[in-house]
Amino acid sequence: MKLCRYDGDRVGVVQGDVMHDVTRCLEDLPSMRYPFPQHDQFIARLPDLMPKIVAAAATGVTKPLDQVRLDLPVVNPGKIIAAPVNYSKHLDEVRDQADLNHGNESHMRHIREIGLFLKANSSLIGPSEAVRIGRPDRRNDHEIELAVVIGKAGKDIEPEEALSYVAGYAIGLDMTVRGPEDRSFRKSLDTYTVLGPWMVTAEELPDPSALDLVLTVNGEMRQKANTRDLVLSVPELIAMASSFYTLHPGDLILTGTPEGVAPVEPGDVMQATIERIGTMTVPVIG
Ligand code: MN
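The rules we used
Residues numbered from 1 in each chain as written. Predicted model: local features only at pLDDT ≥ 70, side-chain atom pairs only at ≥ 80, totals over all residues. Heavy atoms only, no water. Patch = residues over 30% accessible without salt bridge, like charges linked within 9 Å, V, L, I, M, F, W, Y side chains within 5 Å. Areas by Shrake-Rupley, 256 points an atom, 1.4 Å probe, with all protein chains shown as cover. Salt bridge = Lys/Arg side-chain N within 4 Å of Asp/Glu carboxyl O. Helix = DSSP H or I, 4+ residues; strand = E, 2+ residues; numbered from the N terminus. Donors = N, O, S within 2.8 Å, 3.2 Å for Na, K, Ca; no water. Buried < 20%, exposed > 50% of the residue type's maximum accessible area, 1.4 Å probe, protein only. Phe/Tyr/Trp six-rings, centres within 6.5 Å; stacked < 30°, edge-to-face > 60°. Lys NZ or Arg CZ within 6 Å of the ring centre and 35° of its normal. Domains from an automatic or database assignment. Contact = heavy atoms within 4.5 Å. Buried area = accessible area lost by both parts, 1.4 Å probe. Pairing = 2+ DSSP bridges.

Mind showing me how you'd approach a nonpolar patch on the surface here?
On the surface, Met32, Tyr34 and Phe36 cluster together to form a nonpolar patch covering roughly 390 Å² of accessible area. The residue Met32 is located in the loop between strand 3 (18-21) and helix 1 (41-44) in this model.

What is the right way to look at the coordination of the manganese ion in this model?
By definition of the ideal shapes, a tetrahedral metal site with four donors has angles of 109.5 degrees and an octahedral site with six donors has angles of 90 or 180 degrees. At 2.0 to 2.1 Å from the manganese ion lie its protein donor atoms, namely Glu143 (OE), Glu145 (OE) and Asp174 (OD). Read from N- to C-terminus, the donor residues coordinating the manganese ion fall into the pattern E-x1-E-x28-D. Classification of Glu143 as buried rests on a relative accessible area of 4%. Judged by relative accessible area, Glu145 falls into the buried class, the value being 0%.

Sorry if this is basic, but what is going on with the packing of aromatic side chains here?
Two numbers describe a pair of aromatic rings. These are the distance of the centres and the angle of the planes. Applying the stated criterion across every chain yields a total of one aromatic pair. Residue placement shows Lys152 over the ring face of Tyr165; its charged tip is 4.6 Å from the ring centre.

Looking at this structure, I do not really get the domain arrangement of the chain. What am I missing?
Interfaces are often described in size by the accessible area the parts lose on coming together. Taken domain by domain, the chain holds domain 1 (2-70) and domain 2 (80-285). Distance from the C-alpha centre of domain 1 to the C-alpha centre of domain 2: 25 Å. Each partner contributes to the interface: domain 1 provides 13 residues, whereas domain 2 provides 18 residues. Interface of domain 1 and domain 2: buried area, both sides summed, is about 1200 Å²; carbon and sulfur atoms make up 65% of it. Interface area lost by domain 1 to domain 2 is led by Lys2, Ile43 and Leu70, which between them contribute 49%. Between the two partners, domain 1 and domain 2, sit one salt bridge.

Help me understand the sheet that holds strand 16 (residues 220-226) in this model?
Sheets are built from strands paired through backbone hydrogen bonds, the pairs being either parallel or antiparallel. Taken in spatial order, the five strands make up an open sheet running 9-19-18-15-16, and their pairing is mixed. Here the strands that pair on one side only, and so sit at the sheet edges, are strand 9 (131-132) and strand 16. In terms of strand pairing, strand 15 (residues 212-217) meets strand 16 through six bridges, oriented antiparallel. Each bridged residue has a counterpart across the sheet, and for Val214 the counterpart in strand 16 is Lys224.

Here is the structure:
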C-alpha cells in the first residue's frame, strides 16, 4: 500500500494515478495532551488502523493524483538517522575529490568505523516543497537515498529480525553543504531533508535489497545505482542504529547515497525515482 498525506491534514492511499481518501482513519488516533510522546502517532498505530484504511480506500472519495498536493508522509519522526558513505563507489569518489572530503579524515573512513549520524528534524520537508539553498557561498549537493520508516520500538535488534521493525519505505534526499564541519551540522539546514512522495508499506515491499535509484537534475542523469550495492544493508543499518539508541515508530533511517553526488543551484529541478516506490520532483530555490 502507498500511504500519503495530502492537501493539509488528509490521508490517502495511492493506486496508479488515483488517490483514495482515507482521512477518517485518523478519528481512531488517541486524543493527546501535553506532554506528547516523542514518536509518530500515526505510524505507531498503523497496524491497528489498517483495517479501517483498507475499508475507507474501497469506499471513500477518489481524486486524480495530479490534482492533490502531496505532503510529508511521516510528520513527527522522533529522530532522523543517516548513514555516511554507505556505497563503496561513493566512498571512492569522496576519497578522490578534495571538494568532497575537505581534507577531513573522518569524511573518508568506512561506515563501520564512523557509525551513523543524526539530522535535525527541523530540516524535514515534504515532496511538494522546495529545497532552499541556505549557504549559497558553499557547494550544495544532492544525495538520493532509500529512506526506511521504523514501525515499532526496538533496541539491540538482530539483523535477522530487523525488517519486521520496518513500517515502510520512501525516497529521501539528504541535501548537503560541503565543507569541513561535522555532517550533522552541514546536513541539517532547513529544507535539507526531503521525504516522499508517500510511504510504501513493508508488506508491499518486503525486500529492499535490490531497488534501482535514479536522480536527475534538469533532466540530466546524476546518480544511478541499486540498493544491492549498499555497504551496510537495511537490516544491518537497523541493527547498528538500535545498538546505540532505541528506535521508535516514525524514526527515519536514510541509508546513504551512491556515487554521482554533484552541486545544485537555485532554479535547478531534481527528480528522484526509486523502483517500486515512485518519483518525486523537487525544485531548488534561493
Ligand atoms: Mn547522505
